[in-house]
Amino acid sequence: MSIVERALKRLQQSGQQPAQAAPPPADPSGRAIPAKAKVAPSHGVLRDSSTRRLAGDAAKTVHIDFDALRRSGLLPPEHQQRELAHQYRTLKRPILKFAFDGDAPPAEARTASPRTLMVTSALPGEGKTFTALNLALSLALEKDHSVILMDGDAPKPHVSHVLGVSSEPGLLDLLTEPARDVESLLLPTDVRGLYVLPVGRRSESATELLASARMRQVVSALEGLDENCIVLLDSPPILLTSEAQVLASLFGQVVMVVRAGVTPQQAVTDALGIIGEGPRVGLVLNQALHDNSVGGYYGYGYGDDFTGAGQTGQQ
Ligand SMILES: Nc1ncnc2c1ncn2[C@@H]1O[C@H](COP(=O)(O)OP(=O)(O)OP(=O)(O)O)[C@@H](O)[C@H]1O
Ligand SMILES: [Mg+2]
């Protein structure tokens, strides 16, 4: 039995029902770079017609440099963009369905908002940041939804670094200074619908802060800014974070990245055990192949799709 099959079996035993991926919407470009991307207008309102309330500091609009992201390996090469965009559309559908379409348990039966999502993995280097960024870009393409990408990997704040916001205040400032206004630290980007919360000022006790009661308040405040937004956290690896269980419990959904052919089966099982049965868990099989001579295949699956997408003969 493969890692994938075992992980799915575990999910089934825990009673969770992974959502079916919907067919991809019509998006002939297949590109993650949205055609609607433009610099945020100075008043900070990015959508034409919706009930959205997100604004952030428009004066600090972050430029998303797709070429630089590609060079740093966090976006696929152009010739693989279409395939990846398709895979992310498949990945995001059940996430959106759970978040907005009543797939989630009623409020009294859950501990966290279904619109909050933690991207994690058992071990380092499995593709959390790659997945968080590409998923955020794909979610930002949704006309009716926006996404807040939080950098929660304090030891390796890769999101903040690649987006050039490492020196901006962010999550850790919110955790250490309760008087800080959450929205004032939110940075709009020139990709419509995408907002970034940098990691913020370094702290010795970052791990403990991420699992603090204040973190729950911050996540809750962020998702409360706009009823149409998804709050997405790029987090540290589960098995390297002593507070991972508490952190996971603050999120309604967890996307666990599994690097095909690399992540030991036991690590996946242990990480799933730590996450527990609170959040809805989806698995992403990440074929992080760097050798383009073998096609640089990106394999993703979520819930029920995982076995199908993962049948690459590598497990
Ligand atoms: N699907 C993919 N295709 C190609 N390369 C990938 C893919 N996923 C990840 N990578 C590459 O693998 C490396 C690790 O990915 P990433 O930084 O996203 O992992 P991580 O889990 O966030 O690591 P860390 O634990 O160090 O934060 C990066 O160099 C990234 O470019
Ligand atoms: Mg990372």
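Definitions and cut-offs
Residues numbered from 1 in each chain as written. Chains lettered and ligands numbered in written order. Predicted model: local features only at pLDDT ≥ 70, side-chain atom pairs only at ≥ 80, totals over all residues. Heavy atoms only, no water. Helix = DSSP H or I, 4+ residues; strand = E, 2+ residues; numbered from the N terminus. Buried < 20%, exposed > 50% of the residue type's maximum accessible area, 1.4 Å probe, protein only. Areas by Shrake-Rupley, 256 points an atom, 1.4 Å probe, with all protein chains shown as cover. Pairing = 2+ DSSP bridges. Contact = heavy atoms within 4.5 Å. Axes fitted to C-alpha atoms, helices over the stretch in contact; angles between N-to-C directions. Core = buried A, V, L, I, M, F, W, Y, C linked by side-chain atoms within 4.5 Å. Lys, Arg positive; Asp, Glu negative; His and termini not counted. Salt bridge = Lys/Arg side-chain N within 4 Å of Asp/Glu carboxyl O. Polar contact = N/O pair within 3.5 Å; in protein donor to acceptor, adjacent residues only side chain to side chain. pLDDT = per-residue confidence, 0-100.

(A) Up close: the overall build of the chain. Summing up its helical and strand segments, the chain has eleven helices and seven strands in all. Out of the 315 residues in the chain, the part that is buried amounts to 55%. In the structure as shown, the chain presents an accessible area of about 12900 Å², 51% of it carried by carbon and sulfur atoms.

(B) Representation of the sheet that holds strand β2 (residues 146-151) in the model. Sheet architecture is open: seven strands sit in the order β3-β4-β2-β5-β1-β6-β7, paired in mixed fashion. Sheet topology places β3 (187-188) and β7 (280-286) at the edges, where each strand pairs with a single neighbour. Running at roughly 165° to strand β5 (residues 229-234), helix α4 (residues 128-140) makes contact with β1 (116-121), β2, β4 (194-197), β5, β6 (253-259) and β7 of the sheet.

(C) Structural view of the nonpolar core. I148, M150, L171, M215 and L222 are the most contacted members of the largest nonpolar core, which totals 45 residues. Take this core: its biggest share by element is five residues, from helix α10 (residues 265-275). For M150, the residues in contact, after removing those within four places along its chain, are L171, L197, M215, L222, V231, L232, L233 and D234. One finds L117, F130, L139 and V255 within the second-largest nonpolar core, a separate group that totals 36 residues.

(D) Structural context of the environment of T207. Within the fold, T207 resides in helix α7 (residues 206-210). T207 sits in the partly exposed class, given a relative accessible area of 28%. Sequence separation of T207 and P236 is 29 residues, and the distance between their C-alpha atoms is 9.1 Å. Leave out the neighbours within four places in its chain, and T207 touches T241, S242 and E243.

(E) Structural context of the side chain of R214. You can see R214 is positioned in helix α8 (residues 213-224). No salt bridge is formed by the buried R214. Its closest oppositely charged neighbour is D181, at 8.4 Å. Only 3.4 Å separates the side chain of R214 from the backbone oxygen of P178, close enough to count as a polar contact. Beyond its immediate sequence surroundings of up to four residues, R214 is in contact with L174, L175, E177, P178 and R180.

(F) Molecular detail of the environment of V199. Residue placement: V199 occurs in the loop between β4 and α7. Owing to a relative accessible area of 3%, V199 belongs among the buried residues under this scheme. In contact with V199, not counting residues within four places along its chain, are D151, A154, P157, S160, G170, L171 and L172.

(G) View of the confidence of the model for the chain. Of all residues in the chain, 74% have pLDDT values of 70 or greater, and the mean over the chain is 79. Scored below 50 in pLDDT, residues 14-50 makes 83 contacts in the model with residues more than four places away or belonging to other chains. Across residues 290-315 the pLDDT falls below 50, and counting only partners more than four positions away or on other chains, this stretch makes 81 contacts in the model.

(H) Quick peek at the pairing of β4. Here β4 shows no split at all, with L194 and V196 on one side and Y195 and L197 on the other all buried. Relative to β4, β2 runs parallel, the two sharing four bridges. Opposite M150, over in β4, you have L197 as the bridge partner. Sheet topology places β3 next to β4; two bridges connect them, and they run antiparallel. Paired with L187 across the strands is V196, a residue of β4.

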